[in-house]
4 protein chains.
Amino acid sequence: MQLGLIGLGRMGFNMRERLRAAGHEVIGYDQHPDVTDVSSLSELVEKLAAPRVVWIMVPVQFTESTIDELSGLLGEGDIVIDGGNSRFSNDKPRADRLGAKGIGYLDVGVSGGVWGRTNGYALMVGGPKQHVEHCMPIFEGLKPEGEFGFAHAGEMPGAGHYAKMVHNGIEYGMMHAFAEGYELLETSEYVDNIPEIIKSWRAGSVVQSWLLDLLDRALDEDPDLARIKGYADDTGEGRWTVEEAIRLAVPMNVIAASLFARFASRQEDSPAMKAVAALRNQFGGHAVKKG
Amino acid sequence: MQLGLIGLGRMGFNMRERLRAAGHEVIGYDQHPDVTDVSSLSELVEKLAAPRVVWIMVPVQFTESTIDELSGLLGEGDIVIDGGNSRFSNDKPRADRLGAKGIGYLDVGVSGGVWGRTNGYALMVGGPKQHVEHCMPIFEGLKPEGEFGFAHAGEMPGAGHYAKMVHNGIEYGMMHAFAEGYELLETSEYVDNIPEIIKSWRAGSVVQSWLLDLLDRALDEDPDLARIKGYADDTGEGRWTVEEAIRLAVPMNVIAASLFARFASRQEDSPAMKAVAALRNQFGGHAVKKG
Amino acid sequence: MQLGLIGLGRMGFNMRERLRAAGHEVIGYDQHPDVTDVSSLSELVEKLAAPRVVWIMVPVQFTESTIDELSGLLGEGDIVIDGGNSRFSNDKPRADRLGAKGIGYLDVGVSGGVWGRTNGYALMVGGPKQHVEHCMPIFEGLKPEGEFGFAHAGEMPGAGHYAKMVHNGIEYGMMHAFAEGYELLETSEYVDNIPEIIKSWRAGSVVQSWLLDLLDRALDEDPDLARIKGYADDTGEGRWTVEEAIRLAVPMNVIAASLFARFASRQEDSPAMKAVAALRNQFGGHAVKKG
Amino acid sequence: MQLGLIGLGRMGFNMRERLRAAGHEVIGYDQHPDVTDVSSLSELVEKLAAPRVVWIMVPVQFTESTIDELSGLLGEGDIVIDGGNSRFSNDKPRADRLGAKGIGYLDVGVSGGVWGRTNGYALMVGGPKQHVEHCMPIFEGLKPEGEFGFAHAGEMPGAGHYAKMVHNGIEYGMMHAFAEGYELLETSEYVDNIPEIIKSWRAGSVVQSWLLDLLDRALDEDPDLARIKGYADDTGEGRWTVEEAIRLAVPMNVIAASLFARFASRQEDSPAMKAVAALRNQFGGHAVKKG
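Residues numbered from 1 in each chain as written. Chains lettered and ligands numbered in written order. Predicted model: local features only at pLDDT ≥ 70, side-chain atom pairs only at ≥ 80, totals over all residues. Heavy atoms only, no water.

- If you look chain A up in an unreviewed UniProt entry, it shows as Decarboxylating 6-phosphogluconate dehydrogenase from Dactylosporangium salmoneum.
- Regarding chain A, the UniProt comment filed under Sequence similarities (unreviewed entry) reads as follows: "Belongs to the 6-phosphogluconate dehydrogenase family." (UniProt positions renumbered as here; feature names shortened; annotations may be inferred.)

Set out below in structure tokens:
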């Protein structure tokens with residue numbers, strides 16, 4: 001099947017490779033001349049036969065402008081897919097805007113990171129069933145082999161990004177559960193060989209998981225994680241997950257705590273703990289450390 | 001290799017099966033005449049050739065009395081293994097008590113649940129290296145095939161149970177991360193088909209794990225979990241993990257929140273929330289629900 | 001000073017009383033004929049001498065429409081004050097809309113609940129300094145006697161509601177700290193007389209506070225809180241506080257946990273804990289309770 | 001009334017002053033010759049008329065040895081009071097040990113810090129009613145004037161320390177609620193004058209409290225808390241409170257989070273966040289900061 005693919009960065013580039021290896025015709029566009037197949041969006045659209053399918057895989061701050069430009073180039077019966085990390089609430093306005101011109105829209109949450117090219121990408125898709133069916137060969141080419149790795153999460157625009165957001169929220173919580181366990185092992189006088197303990201859990205245990213495999217891999221490279229600072233960014237999905245929990249009145253202590261720990265990891269000093277230290281000094285005469 | 005195995009419940013029974021299938025000679029003792037191979041602990045000990053290895057797999061409230069009885073039956077050079085869910089802090093006194101008679105002691109954390117008989121059990125062992133080496137054939141018979149599933153966690157008595165405790169603490173956090181994500185999906189108007197979304201994550205995604213596979217399995221059996229009440233017991237390891245975090249000054253918001261959620265799941269009503277409702281009524285005249 | 005006051009419910013009615021007792025001329029408007037002084041907003045505006053000051057104290061869902069109507073009735077130099085529980089982010093658009101007609105706008109967070117008529121209301125005000133100064137006599141009439149109870153939180157529209165929002169977020173955390181302590185006392189076998197213990201903290205202790213006084217009062221009325229269900233609504237400010245923490249990357253485990261506890265208090269059963277129970281059943285054969 | 005007082009540090013010294021001002025005869029013992037009234041414990045005991053009352057106010061690591069020494073010096077009908085920060089679980093063994101010699105024992109939780117000399121100390125007492133009644137004049141001399149500030153928390157040894165422990169747990173949660181609110185104000189672009197906002201809450205608001213007064217005081221001295229590092233020790237009661245929550249299956253997210261935040265405040269770097277950073281690097285190629 002023929003696909004236009006916009007954005008050939010770390011993710012898009014690998015997706016093009018995987019799709020081509022699966023026998024699909026992918027025409028890629030990127031601002032970097034080294035990787036692009038065409039010189040402009042309009043050339044990309046010209047090279048595709050109608051009804052066209054165009055997959056956007058650009059950094060999220062460029063998604064809206066790309067959709068704007070595409071809406072002037074595409075026409076009735078074409079389909080736009082956003083596979084980037086958009087907030088699910090942005091999908092309905094896009095679907096409406098494109099729909100007014102007869103252009104279809106699907107939102108796809110894509111998981112898999114740097115391993116996706118080899119292992120396949122887990123795909124969660126939102127949008128009308130007939131568009132999903134039309135694009136199914138592309139999804140088949142990207143997803144892992146076997147019965148898993150693809151879901152039509154819902155007909156509502158945003159359903160795909162929503163499912164991916166929840167996936168990432170869970171990921172935050174799982175990672176932090178491992179992180180807390182690692183810190184306890186690392187602090188305790190009872191155990192000697194943490195990498196060996198982690199390794200033992202990779203078979204027969206309840207916590208078997210890909211994240212555990214990766215933790216083992218990281219400890220093989222750096223047994224005390226001495227070369228890594230305890231600092232982590234966040235990329236939106238964790239925040240949106242907790243925002244949704246608030247909107248829908250869902251208790252979410254675990255994922256929220258994982259998110260807050262990332263916030264704290266980026267602080268030089270904690271204003272909250274300054275206030276605690278100041279209060280202890282006021283009522284108990286407890287010494288404070290100078291700031 | 002020859003092994004005495006005390007306790008043939010859900011875990012011990014299956015372990016005997018797995019070890020026998022691996023070619024070991026296992027003499028099992030249990031109070032239930034249907035499953036036991038001998039009629040008493042003393043008969044068990046008589047049937048074993050010195051140096052004897054005796055593995056205890058009894059409910060944790062019977063472990064101390066079993067060790068007491070064994071310490072009168074065994075002798076110099078024999079080895080006792082506790083594979084039950086003992087608190088790690090109980091192992092040092094046991095090792096000392098048995099050591100005074102020349103009897104060795106190993107503590108083993110065993111993971112694998114009902115699946116261990118087929119898949120093998122992850123084993124984390126604490127105690128002296130020479131005892132670990134002596135018992136290695138038994139460990140090889142129990143552990144999963146391949147390079148993973150076994151660790152000598154440390155020489156200190158309790159190291160094995162400690163590693164298992166941390167494993168279970170992580171398990172609490174992972175389970176609750178999935179649980180919060182599931183609840184958000186279940187509450188949101190954006191997604192339709194939750195079992196399909198869960199299934200999609202089983203390949204290509206970052207949250208791939210055995211627990212995810214089991215969640216998928218549970219949803220296949222009961223798509224809305226309508227037949228299950230939101231009630232969960234806890235079996236000690238989660239509490240001990242948080243107690244250790246407190247002792248060692250390790251921040252542990254995620255695992256603690258998972259534990260507290262289990263506590264809350266078992267309450268008919270929350271005394272804390274009664275107090276909140278009473279306070280809101282006092283200062284704001286907010287209506288209360290009658291208790 | 002002359003003031004138009006729209007909304008004479010629990011809060012507005014008491015504020016009119018307090019202001020009149022302080023010697024101000026208050027013309028109140030409400031849909032309920034029993035309490036209103038005028039029969040319409042236009043009559044209210046007619047009765048005020050320019051430059052007019054009109055204070056809105058209506059349920060938050062009616063604030064925008066009230067401002068719309070007022071913007072057609074008021075003119076250059078008049079000032080509108082919103083003292084309701086608006087989200088801080090709604091104030092800038094209102095200030096801009098009214099400002100286009102030369103009408104000033106102040107947002108005021110009001111604390112004090114049913115006790116404010118007697119004790120005075122804590123006021124946090126956002127908006128331009130000259131408007132704050134113009135309305136100062138009204139603020140003086142409403143605030144408690146003495147040096148505390150009033151702040152000009154910032155010139156930016158929303159500053160007042162923002163300060164009140166944070167106040168309420170703190171209130172959530174304080175209430176839940178008391179609630180957790182109360183539950184521990186109520187559960188422990190060590191202490192006998194909880195109301196007496198609570199009472200003892202009201203002097204000489206670090207936790208002395210108005211909320212403690214109210215908890216003591218509630219226990220005087222109902223020593224076991226037996227007549228109150230552990231159920232609590234939330235009114236927006238707690239959610240907005242945590243949303244702001246997420247926007248600004250501020251770790252906020254305590255206030256978030258207080259909010260999530262309210263969410264949980266309103267659930268018949270916990271979907272998250274259903275998932276935990278299902279997982280425990282899958283891997284360990286642990287019994288589940290039937291839903 | 002006559003009292004022997006052992007330990008004349010920050011707390012004990014001030015308590016002697018307050019008791020003497022109330023007309024009691026206090027004989028104090030301390031290792032520092034500048035403050036002590038007698039040169040040894042035996043001299044202290046000799047100077048007291050039977051039945052003697054001896055109040056221990058020493059650092060907690062010296063409490064057991066002091067009780068040991070006293071049990072050899074005191075006799076039938078005398079009473080020992082521990083007013084230090086002992087764990088409640090230590091009181092029963094002490095009561096039994098002293099009781100075997102006919103010596104009574106009371107445990108007293110004392111709140112008030114450096115302000116107690118002037119304002120009085122909140123006292124929570126555990127032990128037999130007749131001992132409490134016997135010592136009541138001393139308690140009256142120490143407690144604040146008025147109806148509050150004293151409770152007989154229970155007959156069980158430890159009841160007084162238990163009530164004080166819960167008090168301090170609540171204190172942790174309240175302080176951290178203020179701390180989180182302060183940090184949000186300090187981070188937000190919406191508000192200008194944080195000290196003025198804090199001050200406004202001191203009258204008419206729901207969060208009125210002694211801790212709020214102290215926060216205001218701290219900000220008067222250092223408006224940005226620029227001279228204070230965000231570092232806080234903990235003194236036992238917070239840990240014990242959460243340990244008790246675990247023992248009694250009481251959900252305690254708020255107080256636990258406050259405790260964990262103190263732990264985190266003392267870390268140079270977070271091992272848990274190193275693990276999170278390592279995992280993100282492994283699956284997503286996200287850059288790490290060098291350790």
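## With respect to the interface of chain B and chain A
Here's step 1: On the side of chain A, 74 residues touch chain B, which itself brings 74 residues to the contact.
Here's step 2: Here chain B meets chain A over a buried area of about 6,100 Å², counting both sides, of which 72% is carbon and sulfur.
Here's step 3: Together, Leu 184, Tyr 190 and Val 206 of chain B form the three largest contributors to the area buried by chain B at its contact with chain A, with a combined 13%.
Here's step 4: Counting the contacts that link chain B with chain A gives two salt bridges.
Here's step 5: Inspection of the region where chain B meets chain A yields 26 residue pairs in polar contact (both at pLDDT 80 or more).
Here's step 6: Among the residues forming the side of chain B that touches chain A, the class breakdown is 39 nonpolar, 23 polar and 12 charged. (Contact = heavy atoms within 4.5 Å. Buried area = accessible area lost by both parts, 1.4 Å probe. Salt bridge = Lys/Arg side-chain N within 4 Å of Asp/Glu carboxyl O. Polar contact = N/O pair within 3.5 Å; in protein donor to acceptor, adjacent residues only side chain to side chain. Nonpolar A, V, L, I, M, F, W, Y, C, P; charged D, E, K, R; others polar.)

## Observations concerning the side chain of Lys 164 of chain B
All names here are of chain B.
Here's step 1: Locating Lys 164 in the fold gives a position in helix α8 (residues 159-187).
Here's step 2: There is no salt bridge for the buried Lys 164, and the closest opposite charge comes from Glu 237, which lies 4.3 Å off by N-O distance.
Here's step 3: Setting aside residues up to four positions removed in sequence, Lys 164 forms contacts with Asn 85, Gly 109, Val 110, Ser 111, Met 124 and Glu 237. (Helix = DSSP H or I, 4+ residues; strand = E, 2+ residues; numbered from the N terminus. Buried < 20%, exposed > 50% of the residue type's maximum accessible area, 1.4 Å probe, protein only. Lys, Arg positive; Asp, Glu negative; His and termini not counted.)

## Overview of the sheet that holds strand β2 (residues 25-29) of chain A
Residues and elements named next belong to chain A.
Here's step 1: Read across the sheet, seven strands follow the order β2-β1-β3-β4-β5-β6-β7 without closing on themselves; strand pairing throughout is mixed. Strand pairing shows two members of the sheet lacking a second neighbour, β2 and β7 (150-154), which therefore form its edges. Sheet twist, expressed as the average angle between the axes of neighbouring strands with direction ignored, equals 25°.
Here's step 2: Pairing of strand β4 (residues 79-82) with strand β5 (residues 104-111), which is carried by four bridges, proceeds in the parallel orientation. By the bridge assignment for β5, Ile 79 is matched with Gly 104.
Here's step 3: Those strands touched by helix α3 (residues 63-73) are β1 (2-6), β3 (53-56), β4 and β5, and its axis lies near 160° from that of β3.
Here's step 4: The strands touched by helix α4 (residues 91-99) are β4 and β5; relative to β5, the strand with the most contacts, the crossing angle is about 145°. (Pairing = 2+ DSSP bridges. Axes fitted to C-alpha atoms, helices over the stretch in contact; angles between N-to-C directions.)

## What to know about empty space enclosed by the protein
Gaps between atoms show up when a probe of the same size as a water molecule is rolled over them.
Here's step 1: Tallying each qualifying case throughout the model produces four cavities of 30 Å³ or more.
Here's step 2: Asn 253 of chain A, Asn 253 of chain B, Asn 253 of chain C together with Asn 253 and Ala 257 of chain D are the residues nearest the centre of the largest cavity, which is lined by 16 residues in total.
Here's step 3: Residue classes in the lining of the largest cavity are distributed as 12 nonpolar, four polar and no charged. (1 Å grid on protein atoms, 1.4 Å probe; cavity = no way out; pocket = protein on both sides within 12 Å on 5 of 7 lines; lining within 4 Å. Points joined across faces, edges and corners; volume = space filled by probe spheres on them.)

## A closer look at the relation of the copies chain B and chain A
Here's step 1: Note on the copies: chain B fits chain A at an RMSD of 0.0 Å, the axial shift is 0.0 Å, and the rotation between them is 180°. Each copy turns onto its partner about a two-fold axis. Every residue of chain B has its C-alpha some distance from the rotation axis, and the shortest such distance is that of Ser 209 of chain B, at 1.9 Å.
Here's step 2: Of the residues that chain B buries at the interface, 100% are likewise interface residues in chain A, meaning the two copies contact each other through the same surface. (Least-squares fit on C-alpha atoms with pLDDT ≥ 70 in both.)

## As for helix α1 (residues 10-21) of chain A
Residues and elements named next belong to chain A.
Here's step 1: Taking 1.5 Å per residue as the helical rise, α1 with its 12 residues ought to reach 16 Å, and the 17 Å between its terminal C-alpha atoms agrees with that figure.
Here's step 2: All of the buried residues along α1 are Gly 12, Asn 14, Met 15, Arg 16, Arg 18 and Leu 19.
Here's step 3: Gly 23 sits one or two residues past α1 and shows a positive phi near 95°. (Expected span 1.5 Å × (residues − 1).)

## Side note on the packing of aromatic side chains
Here's step 1: For the coordinates displayed, the defined rule picks out 28 aromatic pairs over all chains.
Here's step 2: Centre to centre, the rings of Phe 88 of chain B and Tyr 162 of chain B are 4.8 Å apart; their planes meet at 70°, and the pair counts as edge-to-face. With Phe 88 of chain B in the loop between β4 (79-82) and α4 (91-99) and Tyr 162 of chain B in helix α8, this pair connects stretches of sequence that are 74 residues apart. Pair check on accessibility: Phe 88 of chain B and Tyr 162 of chain B agree, each one buried.
Here's step 3: Ring-pair connections join several aromatic residues into one group, and the members of that group are Trp 55, Phe 139 and Phe 150 of chain A.
Here's step 4: Stacked on the ring of Tyr 172 of chain C, the Lys or Arg Arg 262 of chain C has its end atom at 3.7 Å from the ring centre. (Phe/Tyr/Trp six-rings, centres within 6.5 Å; stacked < 30°, edge-to-face > 60°. Lys NZ or Arg CZ within 6 Å of the ring centre and 35° of its normal.)

## Considering the packing of helix α12 (residues 253-265) of chain A against α8 of chain B
Helix packing for two helices is described by the angle between their axes and how far apart those axes are.
Here's step 1: Running from N to C, α12 of chain A and α8 of chain B cross one another at 105°; their axes reach a closest spacing of 8 Å. Classified by the angle their axes make, α12 of chain A and α8 of chain B are roughly perpendicular. Two secondary-structure elements touch here, α12 of chain A through Asn 253, Val 254 and Ile 255 of chain A and α8 of chain B through Gly 173, His 176, Ala 177, Glu 180 and Gly 181 of chain B.
Here's step 2: Classifying every residue of the contact of α12 of chain A with α8 of chain B by side-chain character gives three nonpolar, four polar and one charged. (Parallel < 35°, antiparallel > 145°, perpendicular 65-115°, else oblique.)

## A word on the interface of chain A and chain D
Here's step 1: Between chain A and chain D, the residue contacts involve 56 residues of the former and 56 residues of the latter.
Here's step 2: With both chains or domains summed, chain A and chain D bury close to 5,000 Å², and 64% of this area falls on carbon and sulfur atoms.
Here's step 3: Between the two partners, chain A and chain D, sit zero salt bridges.
Here's step 4: Connecting chain A to chain D are 19 residue pairs in polar contact (both at pLDDT 80 or more).
Here's step 5: Secondary structure elements with two or more residues in the side of chain A that touches chain D: α8 (159-187), α10 (210-221), α12 and α13 (271-284) of chain A.
Here's step 6: With 13 residues, α13 of chain A is the largest single contributor of residues to the side of chain A that touches chain D.
Here's step 7: When grouped by side-chain class, the residues that make up the side of chain A that touches chain D number 26 nonpolar, 14 polar and 16 charged.

## Details of the UniProt feature "domain: 6-phosphogluconate dehydrogenase C-terminal" (unreviewed entry) in chain A
Here's step 1: Mapped onto the present numbering, the UniProt feature "domain: 6-phosphogluconate dehydrogenase C-terminal" (unreviewed entry) falls at residues 160-287 of chain A.
Here's step 2: Between the first and last C-alpha atoms of residues 160-287 of chain A the distance is 53 Å; the span itself is 66% helix and 0% strand.

## Overview of the environment of Ser 42 of chain A
Residues and elements named next belong to chain A.
Here's step 1: If you trace the backbone, Ser 42 turns up in helix α2 (residues 41-47).
Here's step 2: For Ser 42, a relative accessible area of 31% corresponds to the partly exposed category.
Here's step 3: Between the alpha carbons of Ser 42 and Lys 129 there is a distance of 28 Å; along the sequence they are 87 residues apart.
Here's step 4: Polar contacts involving the side chain of Ser 42 include one to the side chain of Ser 40, which spans 3.0 Å.

## Describing the confidence of the model for chain A
Here's step 1: Averaged over all residues, the pLDDT of chain A is 96; the fraction at 70 or higher stands at 100%.
Here's step 2: Predicted as a complex, the structure gets a pTM of 0.96 and an ipTM equal to 0.96. (pLDDT = per-residue confidence, 0-100.)

## Side note on the environment of Val 288 of chain D
Here's step 1: Summarising the element assignment, Val 288 of chain D is placed in the segment after α12 (271-284).
Here's step 2: Assessed through its relative accessible area of 23%, Val 288 of chain D is described here as partly exposed.
Here's step 3: C-alpha of Val 288 of chain D to C-alpha of Asp 233 of chain D: the two residues are 55 residues apart in sequence and 30 Å apart in space.
Here's step 4: Ignoring anything within four residues of it in the chain, the contact list for Val 288 of chain D reads Ile 228 of chain A together with Ala 277 and Asn 281 of chain D.

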